[in-house]
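Below are the chains, spelled out letter by letter.
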Amino acid sequence: MGEGRGGGRKVRTMPEYTSLEKIRLEKIEELRAEGIEPYPTRAERTHTSAQIIAEYEAAERQTGDGETPEVKATLAGRIRASRPMGKLTFAHIEDGEGKIQLFFRVNELGQDQLNFFNEMFDLGDFIQATGVMMRTRSGEATLLVHDFKLLAKSVTPLPAAKDETLEDGTVVRHAALEDQELRARQRYADLAVNPDVREIFRKRAALIKALRKFLDDQGFLEVETPILQPLYGGAAAKPFVTYHNELEQQMYLRISFELYLKRLLVGNLEKVYEIGRDFRNEGVSYKHNPEFTQLEFYWAYADYLQVMELTEQMVSFAAKEVTGGYKVTYQGQELDFTPPWRRLEMRQGILETSWINFAEYTDAESLFKAIVAKHPEKTPDPHATRGKLIDFLLSEFLEPTLIQPTFLYDYPRDISPLAKSKPGDPLTVERFEGYVSGFELCNAFTELNDPLDQEQRFLEMGRDYEADDEERHPLDEDYLRAMRYGMPPNGGFGMGVDRLAMVFTDKHSIRDVLLFPALRNELKEG
RNA sequence: GGCCCCGUAGCUCAACUGGCAGAGCAGGCGACUCUUAAUCGUCUGGUUCUCGGUUCGAAUCCGAGCGGGGUCACCA
């Protein structure tokens, strides 16, 4: 039961059971009265559904045609369908690997046991069944049940979902759970009735495993840095604020890993990475969740061009591990992750799509005028900095054209306070972002390692954000102290893992790739 | 946060310009020895998200709220 908003205004009350639930609760009472435990402690499964079918088919091949091999098994799973027909009942159970049919027959079980199954077992219950494998007249590998046992009674019926297998083998799901909110709030029910949802999260796990494997093989050290931080930094985002009672100090949930990982380079750890959760106290949308999974790595003695090469290798490797190939269909478009990816200087890309060469406008005012003159229908913020205006051009004109994996490189300095300037070009930093299907996938740069320059940038940022207190960033003195000991030149990288999971599972919304996305509290009574 | 759309049985959805809230699945009872969305008969199931208003009469119209979806803004 969720607590009501406003600090537990809602008191927990006894759940109100539906008529369907009451019937099942009565069965639980009845079972206990007969000395049958509806939630026994142990199960005795010998095979999964997939294992027994494989074993049975292998045995069939050995015995040759006509002969039925004797293959015994005890299976366990959740009852998903039951078709009683007089002195026979067919049922399907589902386990972690798939479904298998059970055949209950009066011949083996006797009338009492058959009745017991038909009367006391419901869809959604977990059952254990022991028997021998056989084929039905239609040829389906089926367990002929000699003995069975309840493993766990289901009180609340699962959302109705029936699968119809057409003659061509395609499966049509009828009346499946589709309500987006219910699916997200009750992911357990969603997972229980929608096998494709389970598949999404298997792919997500495969993705994270692939990223780890790739970086491990490249000699990167996986590390863990604080989630609970006395200061936040490394990105421009509003933090979640909390408080440590004993230490009597305000703490923040991290908004990025960057400043801690780069401290490790000062400590002579040359290649480090972290995969973990970031928290940003901002809007929720189809591509934003307040907590999301981030991958960052830092690589001493490398620059952003080397990071670029490593990135395309890493992401294409992950694509192959997760989807089986370098080409992935996302929202109807085929994306080709085969390296090398297209490289496009950001200034050039903006010139080609907006017909504005921002290098010709070295201050915000002149650039603003140029944009309005060329594109009267667009409305950039008149008070925006030059960097923000360039960002505006990027998202308005260039981004939508970046469907195939593309690296955009060389960014304005004033929107990149942690990146190193391009030699001989003080307005530009060595930074790139990877784009796919029109959205930003990753962000990387040659990291700034000059402590005095870094201090100057922090102070500039502080000034820029003075008006907007919430985005104004605290100056991290300890980070500057670390940098003053000496930080090797290095390239750094950050990527939203959920975004990549969306691409590899062809999902439009980040919520579809998060098991428990952030949702507003349920409040049943006002 | 702005704008648009949505909220009806456990699930998926109907209900015309306001006129007795329905169906399929799930569930109860009965029949059925190879079913697989099993089938057949029969029955049950509702605070139409909440509160208020208009009206002889509201699922439907109006207002407020709650929740969700979309979109824009925000997100170096």
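Quantities reported herein were computed from a predicted structural model and do not represent experimental measurements.

Engineer: Would you mind going over the overall build of chain A in detail, with residue names and values included?
Structural biologist: From N to C terminus, chain A includes 14 helices and 21 strands. Across its three principal axes, chain A shows a C-alpha extent of roughly 90 × 60 × 50 Å. The 526 residues of chain A split such that 45% are buried. When contacts within chain A are restricted to residue pairs at least 6 apart in sequence, those whose partners lie at least 24 apart make up 63%. Summing over all exposed atoms, chain A offers an accessible surface of approximately 27000 Å²; the carbon and sulfur share of this is 50%.

Engineer: Which residues make up helix α2 (residues 49–63), and what are the values?
Structural biologist: Here α2 spans 21 Å end to end across 15 residues, near enough to the 21 Å set by a 1.5 Å rise per residue. Among the residues of α2, those classed as buried are S49, I52, Y56 and A59. All buried residues of α2 fall inside an arc of 100° around its axis, so they share one side. With respect to the buried face of α2, the exposed residues turned more than 90 degrees away are R61 and Q62. Those residues of α2 that are buried lie in contact with β1 (72–85), β2 (88–95), β3 (98–105), β4 (126–135) and β5 (141–152). Remark: G64 follows α2 within two positions and exhibits a positive phi of approximately 80°.

Engineer: Describe the packing of aromatic side chains, listing the residues and the values that go with them.
Structural biologist: Taken as a whole, this structure holds 19 aromatic pairs when the rule is applied. Ring centres of F116 and F121 lie 5.6 Å apart, and the angle between their planes is 85°; this geometry places the pair in the edge-to-face category. Consider the rings of F407 and F432, whose centres lie 5.0 Å apart with planes at 75°: the pair is edge-to-face. Here F432 lies in strand β19 (residues 425–436) and F407 lies in strand β17 (residues 406–412), a separation of 25 residues in the sequence.

Engineer: Break down the protein's contact with RNA strand B for me, with residues and values.
Structural biologist: Taken together, 55 residues lie around RNA strand B, and S138, K162, E181, H288 and R511 are the ones closest in. Side-chain polar atom of R83 to a base oxygen of RNA strand B: 2.9 Å apart, as the coordinates give it. Within the side chain of N107, a nitrogen or oxygen atom sits 3.2 Å from a base nitrogen of RNA strand B. Elements with a contribution of two residues or more to the surface near RNA strand B: α1 (19–33), β1, β2, β3, α3 (106–120), β6 (162–165) and α4 (180–185). Ranked by the residues each element gives to the surface near RNA strand B, the list is headed by β6, at four residues.

Engineer: Help me get a handle on the pairing of strand β20 (residues 439–446), residues and values and all.
Structural biologist: Taken across its eight residues, β20 has six buried, putting it largely inside the fold. Judged from the six bridges that link them, β19 and β20 form a sheet pairing that is antiparallel. Note that in β20 the partner of R431 across the bridge is F445. What sits between the antiparallel neighbours β19 and β20 is a turn of two residues, in which S437 has the positive phi angle 55°. Bridge count for β20 against strand β21 (residues 490–496) is five bridges, and the pairing is antiparallel. In the sheet register, F445 faces β21, and the bridge partner there is G492.

Engineer: Can you tell me about the side chain of E430, naming the residues and giving the values?
Structural biologist: Tracing the backbone shows E430 in strand β19. The buried charged residue E430 lacks any salt bridge, with K422 as its nearest oppositely charged partner at 4.9 Å. Within polar-contact distance, the side chain of E430 engages the side chain of T446 at 2.7 Å. E430 has contacts with D303, Y304, D410, K420, S421, K422, P423, A444, F445 and T446, leaving out every residue within four places of it along the chain.

Engineer: An account of the sheet that holds strand β9 (residues 228–229) is requested, with residue identities and associated values reported.
Structural biologist: Spatial ordering of the open sheet is given by β9-β11-β10, a layout of three strands whose pairing is antiparallel. The strands lining the two open edges of the sheet, one partner per strand, are β9 and β10 (241–244). Looking at chain direction, β10 and strand β11 (residues 249–253) are connected through four bridges and run antiparallel. Of the residues in β11, the one forming a bridge with Y243 is Q250.

Engineer: Can you explain the confidence of the model for chain A? Please cite residues and give values.
Structural biologist: Looking at chain A as a whole, the pLDDT averages 88, with 93% of positions reaching at least 70. Predicted confidence is poor over residues 1–13, with pLDDT under 50, and the contacts of this stretch with residues over four places away or in other chains come to 17 contacts. For this predicted complex, the interface confidence reaches an ipTM of 0.87, while the overall pTM sits at 0.90.

Engineer: Lay out helix α11 (residues 386–398) in plain terms, naming residues and giving numbers.
Structural biologist: Over its 13 residues, α11 extends 17 Å from the first C-alpha to the last, a length consistent with the 18 Å expected when each residue adds 1.5 Å. Along α11, the positions that sit buried rather than exposed are R386, G387, L389, I390, F392, L393, L394, F397 and L398. Looking at the buried side of α11, the elements it contacts are β16 (342–345), α9 (346–354), α10 (364–374), β17 and β19.

Engineer: Residue-level account of the packing of helix α6 (residues 195–217) against helix α14 (residues 497–505), with values.
Structural biologist: Closest axis-to-axis distance for the α6/α14 pair is 10 Å, and the angle between their directions is 125°. As far as their axial angle goes, α14 and α6 are oblique. Handedness of the α6/α14 crossing: right-handed. Residue-level contacts link I200, K203, R204, L207, I208 and L211 of α6 to V497, D498, L500, A501, F504 and T505 of α14.

Engineer: Give a description of the pattern of salt bridges that names residues and reports values.
Structural biologist: Applying the stated criterion across every chain, the model contains 33 salt bridges. With its nearest N and O atoms 2.9 Å apart, the salt bridge here joins D478 to R263. With D478 in helix α13 (residues 477–484) and R263 in helix α7 (residues 258–266), this pair connects stretches of sequence that are 215 residues apart. A salt bridge links E433 to R431, with the nearest nitrogen and oxygen atoms 2.9 Å apart. Overlapping salt bridges bring together K27, D122, D125 and K153 as one network.

Engineer: I'd love a proper account of the nonpolar core, names of residues and values included.
Structural biologist: It is characteristic of soluble globular proteins that their nonpolar side chains tend to be buried jointly. If you look at the biggest cluster of nonpolar residues, it comprises 48 residues, and the most contacted ones within it are L295, F337, M495 and F504. Apart from the residues within four sequence positions on either side, F337 is in contact with V315, S316, A319, Y326, V328, P405, V436, V503 and F504.

Engineer: Let's hear about the pairing of β3: which residues, and what values?
Structural biologist: Of all eight residues making up β3, six are buried, and the element is well covered by its neighbours. Following β2, the chain reverses through two residues before pairing antiparallel with β3. As paired strands, β3 and β5 are joined by three bridges and run parallel to one another. The residue of β5 that forms the bridge with F103 is L144.

How each quantity is defined
- Residues numbered from 1 in each chain as written.
- Chains lettered and ligands numbered in written order.
- Predicted model: local features only at pLDDT ≥ 70, side-chain atom pairs only at ≥ 80, totals over all residues.
- Heavy atoms only, no water.
- Helix = DSSP H or I, 4+ residues; strand = E, 2+ residues; numbered from the N terminus.
- Buried < 20%, exposed > 50% of the residue type's maximum accessible area, 1.4 Å probe, protein only.
- Contact = heavy atoms within 4.5 Å.
- Areas by Shrake-Rupley, 256 points an atom, 1.4 Å probe, with all protein chains shown as cover.
- Expected span 1.5 Å × (residues − 1).
- Arc of directions from axis to C-beta.
- Phe/Tyr/Trp six-rings, centres within 6.5 Å; stacked < 30°, edge-to-face > 60°.
- Near = heavy atom within 4 Å.
- Polar contact = N/O pair within 3.5 Å; in protein donor to acceptor, adjacent residues only side chain to side chain.
- Pairing = 2+ DSSP bridges.
- Lys, Arg positive; Asp, Glu negative; His and termini not counted.
- Salt bridge = Lys/Arg side-chain N within 4 Å of Asp/Glu carboxyl O.
- pLDDT = per-residue confidence, 0-100.
- Axes fitted to C-alpha atoms, helices over the stretch in contact; angles between N-to-C directions.
- Parallel < 35°, antiparallel > 145°, perpendicular 65-115°, else oblique.
- Left-handed = near helix turned anticlockwise from the far one by under 90°.
- Core = buried A, V, L, I, M, F, W, Y, C linked by side-chain atoms within 4.5 Å.

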